[in-house]
Amino acid sequence: MKFLGRRWLFATVLGAAFAAPITVAQAQTGKLTGLVTDAETGRPVEAANVVITGTTLGAITNSAGRYFIIQVPPGTYTVAARRLGFQSVQATNVQITIDGTRDQNFKLKASNQTLAAITVQADQTPLIERNQVGSASVVTAEQIQSLPVTSIAGVLALQQGFTEVPNNTSVISLAEEQRSTTQPIRVRGGRGGSTLSMIDGVPINNPLFGSDVVSLNPLAVQQVNFQRGGMDPQYGNALSGVINQAVREGGSEVSGSINFQNSTLPGALFGNEQDKLLGLNLLNGYLSGPVPGTNAKVRYAVSGQVQSQAARVLRFDNDMFTVNQPLVREDELPADSRDLNGGWQGYGGNQNSQVVGKLTFLPFNNTTIKVTAVGAERSTRGYDRRLYYNYRGDPLALVNNRADSLFVLTDGGNSLSQDLMQPSVRDKGQVIIGSLEQRFGRSNVQFRVGQTTFERQTCPYFLGTCQPGPFFRPNFSQGFLSPSPGVAGGDRVPNAGLVDGVYGGEEFTTRTFKADVQSQVTDHNNLQFGAMFVQHDLVYKDIGAFGANSGIQPTTTQVYRAKPTEAAAYIQSIIEYDFLTIKLGGRFDYGRAKGLGFTDPFNPSNNTSAREVCDGASVSGRKLVNAQGQPYGVAGCAAGAINPVSQRSILLDSAAAIAQLDDFTEAKARTAFSPRIAVAFPLTEKSQVFFNAGRYTMVPLYGNGYRNTGIGTVAGAADGYCAATAKKPGTNECVPNISTNNPAFVGNPNLLLEQAKQYEVGYQTEIGRNYSIQVAVFNRSETGLSGLRPARATQDIGSTYDGSLPSYTVLVNGDFLTSRGLEAQFRRRLSDRWGYDVNFGMSRATTNSRPPDRANEIERSDESNRQQLLETVADIDQSYRINTSFFLQVREDIPTLPFNAGKLLRNARATITFNRSAGIPYPPV
């Protein structure tokens with residue numbers, strides 16, 4: 001089988017759109033500043049009133065003629081300057097970006113008469129942000145809607161450092177596939193979950209596994225800021241990047257748009273089988289404006305999307321299996337096993353639906369109240385039986401005849417059964433965010449409250465039905481060629497088997513409370529500080545099974561419940577001059593995973609087993625001695641009366657109970673301080689160099705930390721995780737599962753915060769009015785990452801846990817990762833109807849181990865693939881990547897064409913994109 005990473009998407013677009021109004025969005029915000037001067041004398045104009053039209057935002061100039069409007073939501077505005085005795089001036093097309101500073105100066109003409117305001121076109125938005133101190137990409141709503149993409153991830157995939165990982169590679173674990181309805185993302189070679197995703201300033205990451213709870217549709221977004229270098233201290237719990245999304249909100253005018261895309265019809269018309277089989281159908285739209293009768297004091301924005309398509313489209317070669325040419329014994333597991341079909345094949349399906357709403361209330365000039373709500377449902381069905389239909393045309397053959405239910409190994413030795421026989425994953429996510437902003441002159445206070453709820457279920461999908469539990473086909477023999485009655489004696493064919501061995505998922509609720517203060521304390525110093533508190537309520541349940549010759553064979557049940565908490569505080573000072581920008585800040589993080597974990601993760605008996613207690617050892621002040629105060633000894637403990645429940649001596653049970661007293665401790669608080677510094681130094685009026693360095697921290701994924709720990713369980717039949725007697729001391733909570741047949745690893749709630757140190761150096765320059773060049777070199781070193789290590793096997797005559805010689809792997813802060821590279825961008829502004837963006841990156845990511853899930857899978861495979869704890873090239877490494885986007889746009893200046901056909905192109909825009917990359921683990925595609 002051959003997989004092609006490049007997917008050309010032909011889209012038929014049927015839509016109608018109104019002109020977009022001036023819209024804004026609540027999120028991490030930007031700043032508007034500038035000078036107001038007398039047009040004739042050049043002197044500063046004091047007490048001039050500068051307002052952002054259509055909003056309640058404004059400021060008054062000081063004696064130096066300078067004004068500051070902070071906490072401005074991102075968007076494109078008209079800004080007006082007024083002063084008694086001067087003619088008013090308003091500037092249009094003033095663009096504000098997240099965390100950016102926009103300069104807009106005004107020159108007022110003296111007048112003793114009331115004259116109409118002068119309207120001027122704002123200076124072109126700089127291609128180089130004056131205060132940019134790190135690598136970041138800002139994508140506006142207009143750019144998003146013009147790109148040939150169907151998701152925000154597709155937008156960011158055109159930027160350096162962002163990678164959407166294909167689901168059918170060895171980069172991600174099977175477990176990650178089994179719990180994801182979207183493609184995983186990686187930033188600059190980092191691990192999954194190390195990127196912070198935000199909606200309107202509130203994190204939306206899944207605390208268990210790191211993926212996003214919801215993925216906003218493109219028309220719901222006003223602006224996206226993708227930071228991968230020099231991240232401000234207000235952004236925490238991220239090692240490799242920040243994706244900050246601002247939700248569209250209503251403006252002072254009604255506007256809307258509707259968009260439909262389809263790939264089947266264009267694929268058929270143009271003979272593109274891949275697009276035809278993809279079967280994409282996407283419908284989305286938005287409507288926004290003021291609520292009637294409220295004098296634009298209340299504004300709304302509503303957006304929705306429905307989408308469906310095949311889960312994957314793969315291309316097979318022509319080396320195909322036929323009944324007349326069966327596989328023989330020598331063909332077992334060869335690298336060139338034959339496929340059942342040739343050419344393009346589509347499998348499974350993806351569906352998602354989403355509704356996004358935002359309500360803005362402006363009760364007073366200095367007060368803003370906003371509520372954002374997002375509801376989404378997503379599902380993916382990886383398994384599809386069309387392969388079997390194509391072979392014999394009889395779906396019943398899947399059940400009735402082993403010879404007809406064939407799968408084969410694909411090129412390279414990767415089992416196609418893993419592609420075809422995947423589970424159905426369904427999830428539901430909701431995000432509700434409320435915010436209150438109060439402005440006091442040049443200071444702003446903002447409070448945010450957010451709640452994220454999420455529910456996922458993974459189930460085996462077989463013959464069109466979601467099976468309620470682990471499901472196996474009879475005669476399971478994955479990766480082994482078993483005898484078939486349909487083939488001549490001695491010959492072997494692959495035998496169908498496992499559909500999926502996991503059923504279950506997670507539920508959680510995350511509540512976030514944030515308070516931020518920003519003040520322009522002087523003309524050149526902006527001070528920001530704030531605090532955040534996060535509480536999670538996590539529940540995880542699944543049941544796993546392994547194959548056998550018949551039926552369902554459940555072997556493990558995974559259950560844990562916890563309510564971890566996190567808190568953080570930050571402060572940052574931004575010093576801005578025309579000749580220098582400095583950002584100084586720091587962040588303090590605090591968190592507690594909560595729950596009883598092993599005192600020594602490597603040694604479950606904590607160096608005190610029943611043997612030591614029988615020999616006289618004291619544990620937590622308790623000893624096991626006879627009436628004379630002497631220890632019983634090992635022989636004496638074993639010779640006592642028998643406990644009818646455990647079938648061991650009562651003395652030995654007592655010794656084991658005492659030995660267990662110091663085996664578990666409550667998870668301790670974890671803290672870290674993260675200083676950060678960034679500097680931008682202009683070389684000329686249109687060029688600058690920047691440098692940033694900082695320390696970043698991230699809470700280990702709770703899905704790793706709680707795995708097989710028994711935290712939050714009830715011993716006995718209630719949860720089915722452990723026997724009623726297998727309890728932690730003084731609790732009814734299960735002990736960790738350290739049995740040798742445990743298919744996963746043992747988590748560790750005492751994991752410390754994972755850390756990264758990064759520095760970056762860059763150069764930016766504008767060439768003329770329409771061109772710019774940006775170059776950055778970065779290095780990031782991550783340490784203390786969650787990694788697997790083998791525990792020490794300790795002989796325990798009391799069998800405190802499962803087995804007297806436990807053998808298991810445990811999670812500790814033992815892994816590291818280094819990512820370094822160069823990124824360059826060459827842009828032409830969209831001017832004179834055309835523009836382009838070309839960016840190129842070279843990088844190298846090395847690590848000592850894969851992420852825990854993937855490392856666990858490799859560790860349990862054959863010995864030759866066993867992980868080596870030495871620094872090697874990471875699976876996610878991309879040696880190079882180039883992205884190109886070419887833009888064409890016609891506004892009101894329509895071209896002259898025969899028969900007045902140029903009018904058809906009014907306000908039309910077209911975009912062509914191309915990318916090429918190498919790595920993870922494909923050759924250039």
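This section reports on the structure supplied with the text. Keep in mind it's a predicted model, so treat the numbers as computed, not measured. (Residues numbered from 1 in each chain as written. Predicted model: local features only at pLDDT ≥ 70, side-chain atom pairs only at ≥ 80, totals over all residues. Heavy atoms only, no water.)

**Some points on the overall build of the protein**
Worth spelling out the cut-off: Counting from the N terminus, the helices are the DSSP runs of H or I reaching at least four residues and the strands are the DSSP runs of E reaching at least two. For the exposure calls, accessible area comes from a 1.4 Å probe over protein chains only, and a residue counts as buried if that area is under 20% of its type's maximum, exposed if over 50%, partly exposed in between. Contacts are assigned to residue pairs that have any heavy atoms within 4.5 Å of one another. Here, Shrake-Rupley sampling with a 1.4 Å probe gives the accessible areas, and only protein chains in the shown set may cover a residue.
A tally of regular secondary structure across the protein gives 13 helices and 48 strands. Every one of the 925 residues in the protein was classed for burial, and the buried ones make up 53%. Considering only residue pairs separated by 6 or more positions, the protein has 73% of its internal contacts joining residues 24 or more positions apart. Carbon and sulfur atoms form 55% of the exposed surface of the protein, whose accessible area is close to 38,200 Å².

**Some points on the state of the cysteines**
Where we set the bar: For this text, the term disulfide refers to a pair of cysteine sulfurs within 2.5 Å.
Taken as a whole and judged by the stated rule, the model has two disulfides. The disulfide that involves Cys614 links it to Cys637, with 2.2 Å between the sulfurs. Between Cys614 and Cys637 the disulfide shows an S-S torsion of about -120 degrees. By sign, it is left-handed. One end of the pair, Cys614, is in helix α9 (residues 610-614); the other, Cys637, is in helix α10 (residues 633-638), with 23 residues separating them in the sequence. With a relative accessible area of 0%, Cys614 lands in the buried category. Bridging Cys722 to Cys734, the disulfide has an S-S length of 2.0 Å. Torsion about the S-S bond of the Cys722 and Cys734 cystine: about -85 degrees, corresponding to left-handed handedness. Separated by 12 residues along the polypeptide, Cys722 in the loop between α12 (702-705) and β42 (754-767) and Cys734 in the loop between α12 and β42 bring together distant segments of the chain. Exposure class is identical for Cys722 and Cys734. Each is buried.

**Quick word on the pairing of strand β21 (residues 312-316)**
The test is simple: Should DSSP find at least two bridges between two strands, the strands are regarded as paired.
Buried residues dominate β21, accounting for four of its five residues. Looking at chain direction, β21 and strand β22 (residues 343-347) are connected through five bridges and run antiparallel. Its bridge partner lying in β22, Leu314 is registered against Gln345.

**Observations regarding helix α11 (residues 650-659)**
In terms of burial, α11 is a largely internal element, seven of the 10 residues being buried. In this structure, the buried side of α11 is in contact with α9, α10, β37 (642-643) and β38 (648-649).

**So, the nonpolar core**
Put simply, the test is: In this text, buried Ala, Val, Leu, Ile, Met, Phe, Trp, Tyr and Cys residues form a nonpolar core when linked through side-chain atoms within 4.5 Å.
Ranked by size, the top nonpolar core spans 45 residues in total, and within it Val214 and Tyr706 carry the most contacts. Listed by contribution, the elements that provide at least two residues to this core are α2 (152-156), β16 (221-227), β17 (241-247), β24 (367-381), β25 (424-440), β32 (525-545) and β33 (554-562). The next biggest cluster of nonpolar side chains, apart from the first, holds 21 residues, and it includes Tyr67, Val79, Ala81 and Val89.

**Thoughts on empty space enclosed by the protein**
Put simply, the test is: Detection works on a 1 Å grid of protein atoms alone, calling trapped sets that fit a 1.4 Å probe cavities and calling open sets with protein on both sides within 12 Å along at least five of seven lines pockets, with lining residues defined by an atom within 4 Å of a point. Grid points are joined across faces, edges and corners, and a volume is the space filled by probe spheres set on the points.
One pass over the structure, following the stated rule, counts 10 cavities of 30 Å³ or more. Taken as a whole, the largest cavity encloses approximately 500 Å³ of empty space. Forming the boundary of the largest cavity are 40 residues, of which Leu196, Pro203, Gly236, Asn237 and Glu566 lie nearest the centre. Residue assignment for the lining of the largest cavity shows that the elements contributing at least two residues are β14 (195-199), β31 (502-522), β32, β34 (565-577), β35 (580-592) and β41 (687-698).

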